[in-house]
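Now for the letters of each chain:
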2 protein chains.
Amino acid sequence: MALTVGVIGGGQLARMMVPPAIGLGLEIEVLAENEGSSARIAATEVGDYHDADVVLAFAKGKDVITFDHEHVPQPVLKALVDAGVSVHPSPAALFVAQDKLVMRERLSAIGLPVPDWARLSAPADLQAFLDEHGGRCVVKTARGGYDGKGVRVVSDAAAVDDWFAQLSDDPAGIGAALLAEELVDFRRELAQSVARRPSGDVVAWPVVESIQRDGVCAEVIAPAPASAGRISDMAEEIARTVARELDVTGVLAVELFETTDDRVLINELAMRPHNTGHWSIDGSTTSQFEQHLRAVLDLPLGDTGTHDEWSVMVNVLGGPATGTIADRLPRAMADEPGAKIHDYGKDPRPGRKVGHVTTTGDDLDDVVYRARAAAEHFLD
Amino acid sequence: MALTVGVIGGGQLARMMVPPAIGLGLEIEVLAENEGSSARIAATEVGDYHDADVVLAFAKGKDVITFDHEHVPQPVLKALVDAGVSVHPSPAALFVAQDKLVMRERLSAIGLPVPDWARLSAPADLQAFLDEHGGRCVVKTARGGYDGKGVRVVSDAAAVDDWFAQLSDDPAGIGAALLAEELVDFRRELAQSVARRPSGDVVAWPVVESIQRDGVCAEVIAPAPASAGRISDMAEEIARTVARELDVTGVLAVELFETTDDRVLINELAMRPHNTGHWSIDGSTTSQFEQHLRAVLDLPLGDTGTHDEWSVMVNVLGGPATGTIADRLPRAMADEPGAKIHDYGKDPRPGRKVGHVTTTGDDLDDVVYRARAAAEHFLD
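Notes on the structure in this doc start here. From a predicted model like this one, the values you see are computed outputs, not experimental measurements.

1. Concerning the side chain of Gln74 of chain A
Residues and elements named next belong to chain A.
1) Next: Relative to the helices and strands, Gln74 resides in helix α3 (residues 74-82).
2) Next: Gln74 sits in the buried class, given a relative accessible area of 12%.
3) Next: Within the local environment of Gln74, its side chain forms a polar contact with the backbone oxygen of Pro91, the two atoms lying 2.9 Å apart.

Structure (structure tokens):
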């Protein structure tokens, strides 16, 4: 019998799990939110992941259930576990990823390096944090944020009154409190991906540099330039510790700040394949998507070596203002025959991640140039 | 609108077109022979490709129709073209691939190097050919042969009487005559793959060495050792000429003999991705499957460069005597974390191609060892 993987969520992460599943002879089925999802080729079912009955029915006969996102409610996750379904990452691990306050508390308790932070229940808490941190800080909603949403830089305790008004225990809301964080004086952002099997083995890819624009990942350089040695050692040790201490299974991506005083601090965690690991499809012997499938099935993990010295990934954000990515393929392919173009099969929309381009090679300037040049063809 | 490719035939070649289609954002649909085909994830329809109505209905709305095999009857292909469907490769090109006698006639007419051959209508023709060629030769059926089937080495004019009895004009039969070929004194077998767009552009991968066992491809080494220069130039020139002269579109694989007197002769042609090109999935910037999709859609062709010096592919022939390939994954993955394992999702059966393994690297002995070691795990 083939091994069967069920993925909850039909976004581009589920979509990109399909090719390695086909390669390894795994059956893959996706529970998508709607018809025409990015993962539609494997979306055997469309249904609401908030409904335990829908999810339990989908899980039937699957060797493992994993995820395209971290939003499946805990009661639904627990219903799966109670029914004897293998769920990776586990509900307990996902609980940490689902709430930024829980995450900060756990990471601090483990003793991992994080920015200064505080729990905010009322504007007075924010005023106190501002007073301690030079009058400026970052405020984040504990839940529901992504790609820069749910994040504000503030210098006025009244600047997030709208969020304070929304605080509640409802798990579908923004959380019961807000998170304040110091504004970190960072040189650049890094990301470290690892994969961990339930049986405990962990492998790491090289630490990468992630270049953000408007709070969204725009480009990734793998490995991060000038990271060999101390920086990469610290990044890998942090990610391995997070994976082990939080019992994460599958791929874990740790977004990091490299500070101007040469420290490495944890920014965010993602317990799934992550945008900063897309380069691995074309740049590593084992992509993050193949590795995630191996890890959640508790199969031995693959080699994370790279073929070329450098890989560069550029996101296609928004896509063309008129027409589709497909319309732009002829020019992009003609100009950059070595670029690996990835189209997520989504309708263009301003700011939306609709695809990415990866190039590899041994001359970083050339690799960056080619990736940007190819990606440009898909924008206006 | 996404570009839509329809593939006729649900074997492993169609299966392996699915990952690059997902990558490039192409919609891919397969007309499979039966439920549970190797390409089942994209097999939106099950039907008989001999039935023009079935194939015409399948072709509706597709930007191009292409193939997993060369067996679609000419009247069905012509019905597609008459209905305005874009068909690549064309019926005229496939006509040459469907009949070994037609192929030999066309290649000889173009002036390309082929083994001595003759058309056999009766045992007397075979006796005459044996008399001219030292009493031994190869006899092949014009149609219906593959993987060593329809091929015999004979030294007696009565040795293929059963085939002579079956000769007919029925296109589903073995053909109206047999093909005799000299027994070529060859050093090794090579294969040269190219891809050609309808607009004429052609790209070539490196020539490879193909190691056959019992008439079936067992291993491929890319590039063929000690082929740089004259051998690779001849192989590429032959394949480019075949593609151009026969107006082949998509991937063309030319199986070649390297003779003991340093000539290169054409053995067989395949107008589709081919077993000798599977290494390109993991060893080349553009795999033969991605390139085939680009070519049949008349999109610009991709870079055929390689990441590592060597790629070695070993077929998994037959599969395990008990259980499935999935059962053997843990041991194979643990022993060879860098091996790329490909499972075609087919039931094991003696001699059947059920998967393959590819390894890459810069030390050929090591690359060969690792590919064989990984593949061994899937056999008994």
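2. Quick word on the sheet that holds strand β3 (residues 45-46) of chain A
Backbone-to-backbone hydrogen bonds pair the strands of a sheet. The strands run either parallel or antiparallel.
Residue and element names in this part refer to chain A.
1) Next: With parallel pairing, 4 strands are arranged side by side in an open sheet as β3-β2-β1-β4. Strands at the two margins of the open sheet, each flanked by one partner only, are β3 and β4 (64-67).
2) Next: On the sheet, helix α2 (residues 52-59) packs against β1 (4-8), β2 (27-32), β3 and β4 and is oriented at approximately 170° with respect to β2.

3. Let's talk about the pairing of β2 of chain A
Residue and element names in this part refer to chain A.
1) Next: Both β1 and β2 contribute to a ladder of 5 bridges, which runs parallel. Looking at β2, one finds that Gly6 is bridged to Glu29.
2) Next: Note that the unit made of β1, helix α1 (residues 12-24) and β2 has a crossover that is right-handed.
3) Next: When β2 meets β3, the two strands line up parallel, connected through 2 bridges. Across the sheet, the residue bridging to Leu31 is Glu45, located in β3.

4. Some points on the sheet that holds strand β7 (residues 151-154) of chain B
Residues and elements named next belong to chain B.
1) Next: A sheet is described by the order of its strands in space; here 4 strands give the open sequence β5-β8-β6-β7, paired in antiparallel fashion. Each edge of the sheet is formed by a strand with only one pairing partner; in this case those strands are β5 (117-120) and β7. Neighbour-to-neighbour, the strand axes of this sheet turn through a mean angle of 25°, independent of strand direction.
2) Next: With 4 bridges joining them, β5 and strand β8 (residues 178-181) adopt antiparallel strand pairing. Across the sheet, Leu120 pairs through a bridge with Leu178, a residue of β8.
3) Next: Relative to β5, helix α5 (residues 100-110) is tilted by about 140°, and along the sheet it contacts β5, β6 (137-141) and β8.
4) Next: Against the sheet, helix α6 (residues 123-132) touches β5, β6, β7 and β8, its axis set at about 160° to β5.

5. Here we look at the relation of the copies chain A and chain B
1) Next: Laying chain A over chain B is done by rotating through 180° and shifting 0.0 Å along the axis; what remains is an RMSD of 0.0 Å. On this basis, the relationship between the two copies can be described by a two-fold rotation axis. Of every C-alpha in chain A, the one belonging to Pro19 of chain A sits nearest the axis of rotation, 2.2 Å from it.
2) Next: A shared interface surface links the copies, since 100% of the contact residues of chain A are contact residues in chain B too.

6. Considering the packing of aromatic side chains
1) Next: The final tally for this structure, using the stated rule, is 2 aromatic pairs over all chains.
2) Next: Between Phe186 of chain A and Phe257 of chain A, the aromatic rings sit 4.7 Å apart at their centres with planes inclined by 25°, giving stacked as the arrangement. Of this pair, Phe186 of chain A sits in strand β9 (residues 186-196) while Phe257 of chain A sits in strand β13 (residues 250-259), placing them 71 residues apart in sequence.
3) Next: With a relative accessible area of 34%, Phe186 of chain A lands in the partly exposed category.
4) Next: Classification of Phe257 of chain A by relative accessible area gives buried; the value is 9%.
5) Next: The lysine or arginine in question, Arg152 of chain A, covers the ring of Trp163 of chain A, its NZ or CZ lying 4.1 Å from the ring centre.
6) Next: Positioned above the aromatic ring of Phe58 of chain B, the side-chain terminus of Lys62 of chain B is 4.5 Å from the ring centre.

7. Focus: the pairing of β4 of chain A
For a regular strand, side-chain orientation follows a simple rule: the groups alternate between the two sheet faces.
All names here are of chain A.
1) Next: Residues Val64 and Thr66 of β4 are buried on one face, and the alternating residues Ile65 and Phe67, pointing to the opposite face, are buried as well.
2) Next: When β1 meets β4, the two strands line up parallel, connected through 4 bridges. Across the sheet, residue Val7 finds its bridge partner in β4, namely Thr66.

8. Here's the deal with empty space enclosed by the protein
All names here are of chain B.
1) Next: Throughout the structure, instances matching the rule amount to 1 cavity of 30 Å³ or more.
2) Next: Taken as a whole, the largest cavity encloses approximately 60 Å³ of empty space.
3) Next: Every residue along the wall of the largest cavity is listed here: Ala191, Ser193, Trp205, Pro206, Val208, Thr276, Gly277, Trp279, Ser280 and Gln288.
4) Next: Split into classes, the residues belonging to the lining of the largest cavity amount to 5 nonpolar, 5 polar and no charged.

9. With respect to α6 of chain B
Residues and elements named next belong to chain B.
1) Next: Of the positions making up α6, those classed as buried are Leu126, Phe129 and Leu130. For α6, the buried positions fall inside an angular range of 100° around the axis, keeping them on one side. In α6, the exposed positions angled more than 90 degrees off the buried face are occupied by Ala124, Asp131 and Glu132.
2) Next: A positive phi of about 70° marks Gly134, the residue just after α6.

10. Some words on unusual backbone geometry
1) Next: The step from His88 of chain B to Pro89 of chain B runs through a cis peptide bond, and the omega angle for that step is -5°.
2) Next: Turning to its location among the elements, Pro89 of chain B is positioned in the loop between α3 (74-82) and α4 (91-98).
3) Next: Going from Ala222 of chain B to Pro223 of chain B, the amide bond is cis rather than trans, its omega being -10°.
4) Next: As for its placement among the helices and strands, Pro223 of chain B is situated in the loop between β12 (216-222) and α8 (230-245).
5) Next: Although it is not a glycine, Asp214 of chain A adopts a positive phi angle of roughly 55°.
6) Next: Following the sequence through the fold, Asp214 of chain A ends up in the loop between β11 (208-213) and β12 (216-222).
7) Next: Notably, Asp298 of chain B is not glycine yet its phi reads approximately 55°, a positive angle.
8) Next: Examined against the element boundaries, Asp298 of chain B turns out to sit in the loop between α10 (288-296) and β15 (310-317).
9) Next: By relative accessible area, which is 30% here, Asp298 of chain B ends up partly exposed.

Reading the values: the criteria
Residues numbered from 1 in each chain as written. Chains lettered and ligands numbered in written order. Predicted model: local features only at pLDDT ≥ 70, side-chain atom pairs only at ≥ 80, totals over all residues. Heavy atoms only, no water. Helix = DSSP H or I, 4+ residues; strand = E, 2+ residues; numbered from the N terminus. Buried < 20%, exposed > 50% of the residue type's maximum accessible area, 1.4 Å probe, protein only. Polar contact = N/O pair within 3.5 Å; in protein donor to acceptor, adjacent residues only side chain to side chain. Pairing = 2+ DSSP bridges. Contact = heavy atoms within 4.5 Å. Axes fitted to C-alpha atoms, helices over the stretch in contact; angles between N-to-C directions. Right-handed = clockwise from strand over helix to strand, strands pointing away. Least-squares fit on C-alpha atoms with pLDDT ≥ 70 in both. Phe/Tyr/Trp six-rings, centres within 6.5 Å; stacked < 30°, edge-to-face > 60°. Lys NZ or Arg CZ within 6 Å of the ring centre and 35° of its normal. 1 Å grid on protein atoms, 1.4 Å probe; cavity = no way out; pocket = protein on both sides within 12 Å on 5 of 7 lines; lining within 4 Å. Points joined across faces, edges and corners; volume = space filled by probe spheres on them. Nonpolar A, V, L, I, M, F, W, Y, C, P; charged D, E, K, R; others polar. Arc of directions from axis to C-beta.

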